[in-house]
Amino acid sequence: MKNLALFDLDHTLLPIDSDHEWGEFLARVGAVDGDAYRARNDAFFAQYNAGVLDPVEYLEFALGTLAAFPRPELDALYARYLREVIEPAITPQAIQLVRDHQEAGDLVAIITATNHFITAPIAAAFGVEHHIAAMPEFDAAGMLTGRLAGTPTSGPGKVVHMHAWLERLGQPFDSFGRSYFYSDSHNDIPLLSIVSHPVATNPGKALASHAREQGWPTIQLFND
């Protein structure tokens, strides 16, 4: 019977938060008003870490920033960001963990609260075909509108989106022999709680405490 292996991205497979670092990159290269943007970006990041973030408010802030750039300029900025920030952050041990599940024949997916524009190339860099992320809205001309399409892929939303994705594949959740989910964050407890093999991965304090209480295994892929 086939197994399922799900991975969170930020601070799980990556030792950084790809969305927050994108904002830092934009400020550093002068693409946005550095002080004002950093203040909002840092405030949202603190809310996320505290478990009180409004995901729609944050995503529309992030997606609104993307929509402010002409697409060729946005793509050029992102290519530089991927090269300078993301690729150096991908560690051999994270690649190997993903590869171990792929070589075992598991269905592998990255499921992240960060938006699809930022994370799709990162999933590709890990060699992962299936990728669930917050979806930007596009207009009739294929341009980003700055709004979120559908519902966020965070907290309980990860469970909803995972089930919808598996149904589209014709492989419902209960058809797998084992299900794994690797995450660092207490925000992911809803999905960690329903898989057969939850793994607290580089966990923050809140998840580390919860994992001990539940008897979940903990692994460290890196020190961050």
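K.L.:
What should I look at first to understand the overall build of the chain in this one?
P.N.:
Broken down by element type, the chain carries 9 helices and 7 strands. The C-alpha radius of gyration computed for the chain amounts to 17 Å, which stays within 12% of the reference 17 Å derived for 224 residues, consistent with globular compactness. For the chain, the C-alpha atoms occupy an extent of roughly 50 × 40 × 30 Å along the three principal directions. Counting the 224 residues in the chain, one finds 50% classified as buried. Here the chain has roughly 10100 Å² of accessible surface; of this, 53% comes from carbon and sulfur atoms. Between the mean site of the 14 positive side-chain charges and the mean site of the 28 negative ones, the chain shows a separation of 3 Å.

K.L.:
Looking at this model, I keep getting lost on the sheet that holds strand β4 (residues 144-149). Mind explaining?
P.N.:
Strand pairing in a sheet relies on backbone hydrogen bonds. The paired strands run either parallel or antiparallel. The strand order across the open sheet built from 7 strands is β4-β3-β2-β1-β5-β6-β7, with neighbouring strands paired in mixed fashion. Among the strands making up the open sheet, the edge pair consists of β4 and β7 (218-219). Inspection of the sheet shows strand β5 (residues 179-183) paired to strand β6 (residues 197-201) by 4 bridges, in the parallel sense. From the neighbouring strand, serine 183 faces β6, where its bridge partner is alanine 200. Sitting on the sheet, helix α3 (residues 55-67) is in contact with β2 (107-115), β3 (130-138) and β4, with an inclination near 160° to β4.

K.L.:
Teacher, can you tell me more about helix α6 (residues 116-125) here?
P.N.:
Think of an α-helix as turning once every 3.6 residues; residues three or four places apart then point the same way. Turning to α6, its buried residues are Phe117, Ile118, Thr119, Ile122 and Ala123. Where α6 is buried, its residues touch α1 (18-28), α3, α4 (71-89), β2 and β3. Its side-chain oxygen 3.1 Å from the backbone nitrogen of phenylalanine 117, asparagine 115 forms the N-cap of α6.

Criteria and thresholds
- Along each chain, residues carry numbers from 1 onward, in the same order as the chain's sequence is written.
- Residue-level local features of this predicted model are given only where pLDDT is at least 70; pairs of side-chain atoms are given and counted only at 80 or more, and the full residue set underlies all totals for whole chains, interfaces and linings.
- For side-chain calculations, the full set of non-hydrogen atoms in the structure is used, while hydrogens and water are omitted.
- Only DSSP runs of H or I reaching four residues or more are called helices, and only runs of E reaching two or more are called strands; each is numbered from the N terminus.
- This radius of gyration counts C-alpha atoms alone. The globule rule is 2.2 Å times how many residues there are, raised to the power 0.38.
- Throughout, exposure labels follow a simple rule: accessible area from a 1.4 Å probe, protein chains only, divided by the maximum for the residue type, with under 20% read as buried, over 50% as exposed, and the rest as partly exposed.
- Accessible surface area values rest on a Shrake-Rupley calculation with a 1.4 Å probe, where residue burial reflects the displayed protein chains alone.
- Charged-residue counts in this description rest on Lys and Arg as positive and Asp and Glu as negative, His and the chain ends being excluded.
- Where a charge lies is defined by one atom per residue type: Lys uses NZ, Arg uses CZ, Asp uses CG and Glu uses CD.
- Paired strands, in this sense, are two strands between which DSSP finds at least two bridges.
- We call two residues in contact whenever any of their non-hydrogen atoms come within 4.5 Å of each other.
- Between N-to-C directions, angles span 0 to 180 degrees; the directions come from axes that are lines fitted to C-alpha atoms, helices contributing only their stretch in contact.
- Side-chain atoms alone can form a polar contact between residues adjacent in sequence; in general such a contact is a pair of N or O atoms within 3.5 Å, and within protein one must be able to donate a hydrogen while the other accepts it.

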